[in-house]
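As a plain string of letters, each chain reads:
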Amino acid sequence: MTEINNDNDWQFAGIADGYEKYLAPVLSKWTDAMFEKTELSEGEDVLDFACGTGIVTRRLADSVDTPGTVVGLDVEPAMLEVARTTASSLPINVQWYEANAEQMPFSDESFDVAYCQQGLQFMDNPTDALTEAHRVLRPGGRLAVGVWSKLDDSPHYAALTAALEKFAPQQAAAAMRAPFDALSSPDKLRRCIESAGFEEVQTEAITHQVSYPSAEEFFRREVVSWLADPVGDLSESSRHAIVTMLERSLERHINDGTLQAPMKALIAWGMKS
Ligand SMILES: C[S@@+](CC[C@H](N)C(=O)[O-])C[C@H]1O[C@@H](n2cnc3c(N)ncnc32)[C@H](O)[C@@H]1O
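Here is what the cut-offs are and how they apply
Here the residue numbers are simple positions, counted from 1 along each chain's written sequence. The model is predicted, so local features are restricted to residues of pLDDT at least 70 and side-chain atom pairs to those at 80 or more, both for listing and for counting; the totals for chains, interfaces and linings are taken over all residues. Values reported for side chains reflect all heavy atoms of the structure, with hydrogen atoms and water molecules removed beforehand. Helix numbering and strand numbering both begin at the N terminus, where a helix is a DSSP run of H or I of at least 4 residues and a strand a DSSP run of E of at least 2. Residue burial is assigned from relative accessible area. The probe radius is 1.4 Å, only protein chains are included, and a residue is buried under 20% of its type maximum, exposed over 50%, and partly exposed in between. What qualifies as a polar contact is a pair of N or O atoms within 3.5 Å, subject to a donor-acceptor requirement within protein and to the restriction that residues adjacent in sequence count only when both atoms come from side chains. For this analysis, residues touch if any pair of their heavy atoms sits within 4.5 Å. To qualify as a nonpolar core, a set must consist of buried Ala, Val, Leu, Ile, Met, Phe, Trp, Tyr and Cys residues joined through side-chain atoms within 4.5 Å. Any two rings among Phe, Tyr and Trp, with Trp reduced to its six-membered ring, count as a pair given centres within 6.5 Å; such a pair is stacked if its planes are under 30 degrees apart, edge-to-face if over 60, and tilted if neither. Placement of a positive charge over a ring is assigned whenever Lys NZ or Arg CZ falls within 6 Å of the ring centre and within 35 degrees of the normal to the ring plane. Residues are labelled near a given molecule or strand when at least one of their non-hydrogen atoms is within 4 Å of it. Computed by Shrake-Rupley with a 1.4 Å probe, the accessible areas treat only the displayed protein chains as cover when residues are assessed.

Notes on the side chain of Gln118
Next up, step 1: Mapped onto the secondary structure, Gln118 falls in the loop between β4 (111–117) and α5 (126–136).
Next up, step 2: With a relative accessible area of 9%, Gln118 lands in the buried category.
Next up, step 3: A distance of 2.6 Å separates the side chain of Gln118 from the side chain of Gln121, its partner in a polar contact.
Next up, step 4: Side-chain polar atoms of Gln118 contact the backbone nitrogen of Trp148, separated by 3.0 Å.
Next up, step 5: For Gln118, the contacting residues outside a window of four places in its chain are Leu27, Gly146, Val147, Trp148 and Ala265.

Written out as structure tokens, the structure reads:
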């Protein structure tokens, strides 16, 4: 695993390490809500699909003493490599699978609970992945997922998208916008889950405050966590212009240099009858 040792670095070897260091801790603010909605019991078999660097499985180890089989699945080998390394010290044993969630390599009725935190909105066909989750759950099995609410519900990301639109290659703003567009309405999310066969589907919008040492550091963390490709080669002056625009547009969220802003996610849950 490549460590990011220098907190001033804008360039580094791979985004999975940046993701694990900076983004996974932010996302994990919403993990407890998924656990609460599914009421996991000892001995139950758990699937975390689109597991990334494995933050949900690590939080699982804190919340249930003896789960049954715990499986993390992701399509991206670099994310799984970080997941494997960080999970090696866990008190639970996690099995990792490199696979597309839209075609899961598991038999029917293999799990009691399935989670997908901030993964569905990146998939080509999220309904196919949910249909697969439904297939691999046992009758009575529970599903909980999380996706971002719409872009304007997270002002720092809305501001960053606007700044990228102005000063970065077009695909940077598009990459930033996409995960906030895909499933960000509660009705759309609920219908998508119901169309995969789940019942008693409910959604809840949950807002947490997220904080960064500065607007510049927020931007840098996004670059080294997932925007490296479209933004990594930006000139110093373009980066400076983006940071200046961020500082202006986020003024009311910046206090003594620290950026603190609300971020809204939708949690949805349902069951297989
Ligand atoms: C924002 S990350 C979320 C990771 C993790 N669930 C978390 O909460 O930190 C999105 C993840 O979805 C994975 N992903 C996207 N499409 C996928 C697919 N079709 N099948 C499996 N994983 C997928 C990506 O590789 C990435 O690791």
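Regarding the nonpolar core
Next up, step 1: Within the largest apolar cluster, 63 residues are counted, with the highest numbers of intra-cluster contacts made by Trp30, Tyr115, Tyr157, Leu164, Phe219, Ile242 and Leu246.
Next up, step 2: Each residue touching Leu246, except ones within four places of it in the same chain, is listed here: His156, Ala159, Leu160, Ala215, Phe218 and Phe219.
Next up, step 3: Formed by 31 residues, the second largest nonpolar core is a distinct cluster that contains Val71, Ala99, Val147 and Leu266.

What about the packing of aromatic side chains?
Next up, step 1: Summed over all chains, the structure comprises 9 aromatic pairs.
Next up, step 2: Ring centres of Tyr157 and Phe218 lie 5.3 Å apart, and the angle between their planes is 85 degrees; this geometry places the pair in the edge-to-face category. Of this pair, Tyr157 sits in helix α6 (residues 155–167) while Phe218 sits in helix α9 (residues 215–231), and the two are 61 residues apart along the sequence.
Next up, step 3: Tyr157 sits in the buried class, given a relative accessible area of 4%.
Next up, step 4: A relative accessible area of 0% places Phe218 in the buried class.
Next up, step 5: A ring pair is formed by Tyr212 and Phe218, whose centres lie 4.9 Å apart and whose planes are at 55 degrees; its orientation type is tilted. Across the pair, Phe218 and Tyr212 agree in class, each one buried.
Next up, step 6: Taken together, the aromatic side chains of Trp30, Trp148, Tyr157, Phe180, Tyr212 and Phe218 make up a single cluster linked through ring pairs.
Next up, step 7: Positioned above the aromatic ring of Trp269 is the side chain of Lys37, whose terminal nitrogen or guanidinium carbon lies 4.5 Å from the ring centre.

Some remarks on helix α3 (residues 55–63)
Next up, step 1: With 7 of its 9 residues buried, α3 lies for the most part within the structure.
Next up, step 2: All buried positions along α3 are accounted for by Ile55, Val56, Thr57, Arg58, Arg59, Leu60 and Ala61.

Quick notes on the site of the ligand
Next up, step 1: As a structural note, the neighbourhood of the ligand is formed by 19 residues, with Tyr19, Ala50, Asp74, Ala101 and Gln117 the closest of them.
Next up, step 2: One nitrogen or oxygen atom from the side chain of Asp74 is found 2.6 Å from an oxygen atom belonging to the ligand.
Next up, step 3: At a separation of 2.9 Å, a nitrogen atom of the ligand approaches a polar side-chain atom of Asn100.
Next up, step 4: In isolation the ligand has 600 Å² of accessible area, and contact with the protein removes 90% of it.
Next up, step 5: Elements supplying a minimum of two residues to the shell around the ligand: α1 (15–27) and β2 (70–74).

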